[in-house]
Amino acid sequence: MAGRVPSVMVSSTFFDLREVRRQIQKMAEDDLGYRVLISESPTFPIEPDAAAIDNCRKRVEHDADILVLVIGSRYGSVEAKSGKSVTSIEYLAARAKAIPIYVFIERRVLTLADARLAVPEADRRAFSATVDNASLFDLVDRIRSVDKAWVNGFDIADDITSALRVQFAYLTMRGLALQAKISQFADRAFLESLPAEAFQLVIEEPRGWEWLLFAVMLNFELDAAADQRRLYDLGIVYDRHASISSVESIPRWVADKANEAGALIDAASKLVNQELAEAFAPPGVRGDARRIVFVARQLGAFYRRLIDWAQDIRRTRVDSDFQPALESLARLTEDCIHELGDWGTSLLDGIKKALLETEALEGTPGEKKWVKFSLKFDVDAALAQSVIDQLNAAIRSRGYEV
């Protein structure tokens, strides 16, 4: 946000790293003019009604622009509910917020962590006595092996402050470069409509940015419908129930609903197979960010409409003889809802994994990595026939011709 200096959250255990924390604060505040969020400071914002751990997490979520995580030989206070330390919670909050994270781990701990990984799992208990809590090693392993965060070893506070001066300078240069790109972007309104991660992808255009942009935006749209999906899964409808009292009108109403579902699925298939394919563009040609975002948003609208479609049927009331057929009809798009709802996360994970694998293949002659993803929109034909059979049987039981 313009008009304020960056806020740096220093996350570490306190008693063993008190001097390190003080030196980081001094360097960032006195030398660079940053605002430092450090829990022992009287200026550290707190909410009196919140627990200490919640206050620390909220400071990351609400105030921090940068997180400096310092890990020594102590895991620190553990939250009973999650079993995680305060520093772990702050680190995870920073990752969820997608802010820059700089991790410094005491070199002795790094050495122990490497030695621990080199022995069979059954022999790793012996390392527990070297730290206050063996979960410290799990945190280090996650940071390095799973999250692949930037990590630097340190022996003294000066190792950290010297590195941060350089890293913050790089961060400033990166910000200036991004500002230059933003100023050259023709459609500022489009940029400002994007969530932070998508905004960054459009501006920076890293390797595979088109695929990542689509997956990120799709997940954003699916997440926005999470409450709507939860009500669907629970079978809860709040609105006033519509009623169909005329037996003769039920078959036409069911046919109209089935046609509506078919039209929705046809439209979604066209979005994915035609519009998205063209938006990605052939290899070597820059993709169209606006069209990619358009498809993701429309698929989000399609997802919400599929759920609404089923909920509309659930809130419709007919005579008890016909109700089982309507309950079956409401499940007609169930597979589509589940398929699309689960696709976003698996797609994003798959693209990130594929990009990492292609990086490993760089410089290997003749080696290529093909990425293929598919989304299947289909109506359960057997279920559709079952609905028709139930409906016809109910109509015949009333003495009507089918």
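Being a predicted model, the structure only gives us computed values, none of them experimental. Residue numbering note: each chain is counted from 1, following its sequence as written. For this predicted model, a pLDDT threshold of at least 70 governs which residues receive local features, and a threshold of 80 or more governs which side-chain atom pairs are given and counted, while totals over whole chains, interfaces and linings are taken from all residues. Water and hydrogen atoms play no part in the side-chain values, which are based on all heavy atoms of the structure.

**Q** Help me out: how do you make sense of the nonpolar core in this one?
**A** Remark: nonpolar core denotes a set of buried residues (Ala, Val, Leu, Ile, Met, Phe, Trp, Tyr, Cys) joined through side-chain atoms within 4.5 Å. Throughout this description, buried means an accessible area under 20% of the type-specific maximum (1.4 Å probe, protein chains only), exposed means over 50%, and partly exposed covers the range between. Membership of the largest hydrophobic core comes to 67 residues, with the highest contact counts inside it found for Leu213, Phe214 and Leu299. Labels follow the DSSP assignment, with helices taken as runs of H or I lasting at least four residues and strands as runs of E lasting at least two, numbered in each case from the N terminus. Elements supplying a minimum of two residues to this core: helix H7 (188-192), helix H8 (196-204), helix H9 (209-224), helix H11 (250-280), helix H12 (289-314), helix H13 (323-330), helix H14 (334-361) and helix H15 (381-397). Looking at this core, the element that brings in the most residues is H12, giving 13 residues. Counting 28 residues, the second largest nonpolar core, distinct from the first, contains Ala64, Leu69, Ile105 and Val140.

**Q** How should the sheet that holds strand E2 (residues 35-37) be read in this particular structure?
**A** Strand pairing in a sheet relies on backbone hydrogen bonds. The paired strands run either parallel or antiparallel. A pair of strands is treated as paired once DSSP finds two or more bridges between them. Across the sheet, 5 strands lie side by side as E2-E1-E3-E4-E5; this open sheet has parallel pairing. Each edge of the open sheet carries a strand with a single partner, namely E2 and strand E5 (151-154). Sheet twist, expressed as the average angle between the axes of neighbouring strands with direction ignored, equals 25°. Alignment of strand E4 (residues 101-106) against E5, held across 4 bridges, turns out to be parallel. Considered in E5, the bridge of glutamate 106 is made with phenylalanine 154. By definition, residues are in contact when any of their heavy atoms lie within 4.5 Å. In this description, a line fitted to the C-alpha atoms serves as the axis of each element, helices being fitted only across the stretch in contact, and the angle between N-to-C directions of two axes falls anywhere from 0 to 180 degrees. Set on the sheet, helix H5 (residues 135-146) makes contact with strand E3 (66-71), E4 and E5; between it and E3 the angle comes to about 135°. Together, strand E1 (7-11), E3, E4 and E5 form the strand contacts of helix H6 (residues 157-184), whose direction differs from that of E4 by roughly 165°.

**Q** I keep staring at the pattern of salt bridges and nothing clicks. Help me out?
**A** Oppositely charged side chains can form a pair if their charged atoms are brought close together. One side-chain nitrogen of Lys or Arg within 4 Å of one carboxyl oxygen of Asp or Glu is enough to make a salt bridge. Using the criterion set out here, one finds 27 salt bridges in the structure. Glutamate 40 serves as the salt-bridge partner of arginine 21, at 2.7 Å between the closest nitrogen and oxygen. Here arginine 21, found in helix H1 (residues 18-31), pairs with glutamate 40, found in the loop between E2 and helix H2 (52-62); they are 19 residues apart in sequence, far enough to count as distant. Classification of glutamate 40 as partly exposed rests on a relative accessible area of 36%. Glutamate 205 is the salt-bridge partner of arginine 286, the closest N and O atoms lying 2.6 Å from each other. Note that arginine 286 is positioned in the loop between H11 and H12 and glutamate 205 in the loop between H8 and H9, a separation of 81 residues in sequence. Salt bridges linked by common partners bring Lys257, Glu260, Arg305, Asp312 and Arg315 together as one network.

**Q** Looking at this model, I keep getting lost on the packing of H2 against helix H3 (residues 86-97). Mind explaining?
**A** Any two packed helices are characterised by how steeply their axes cross, that is the angle between the axes, and by the distance between the axes. Between H2 and H3, the least distance of the axes is 9 Å, while the angle of their chain directions is 25°. Considering the angle they form, H2 stands roughly parallel to H3. H3 is crossed by H2, and the crossing has right-handed handedness. On the side of H2, the interface is formed by Ile53, Cys56, Arg57, Val60, Glu61 and His62, while H3 contributes Val86, Ile89, Glu90, Ala93, Ala94 and Lys97. Tallied by class, the residues present in the contact of H2 with H3 amount to 7 nonpolar, 1 polar and 4 charged. Oblique is the label for any angle not covered by the other classes, which are roughly parallel (under 35 degrees), roughly antiparallel (over 145) and roughly perpendicular (65 to 115). In this scheme the handedness of a crossing depends on how the near helix is turned from the far one: anticlockwise by less than a right angle means left-handed, clockwise means right-handed. Note that Gly is not counted as nonpolar here; it falls among the polar residues with everything else outside the nonpolar set of Ala, Val, Leu, Ile, Met, Phe, Trp, Tyr, Cys and Pro and the charged set of Asp, Glu, Lys and Arg.

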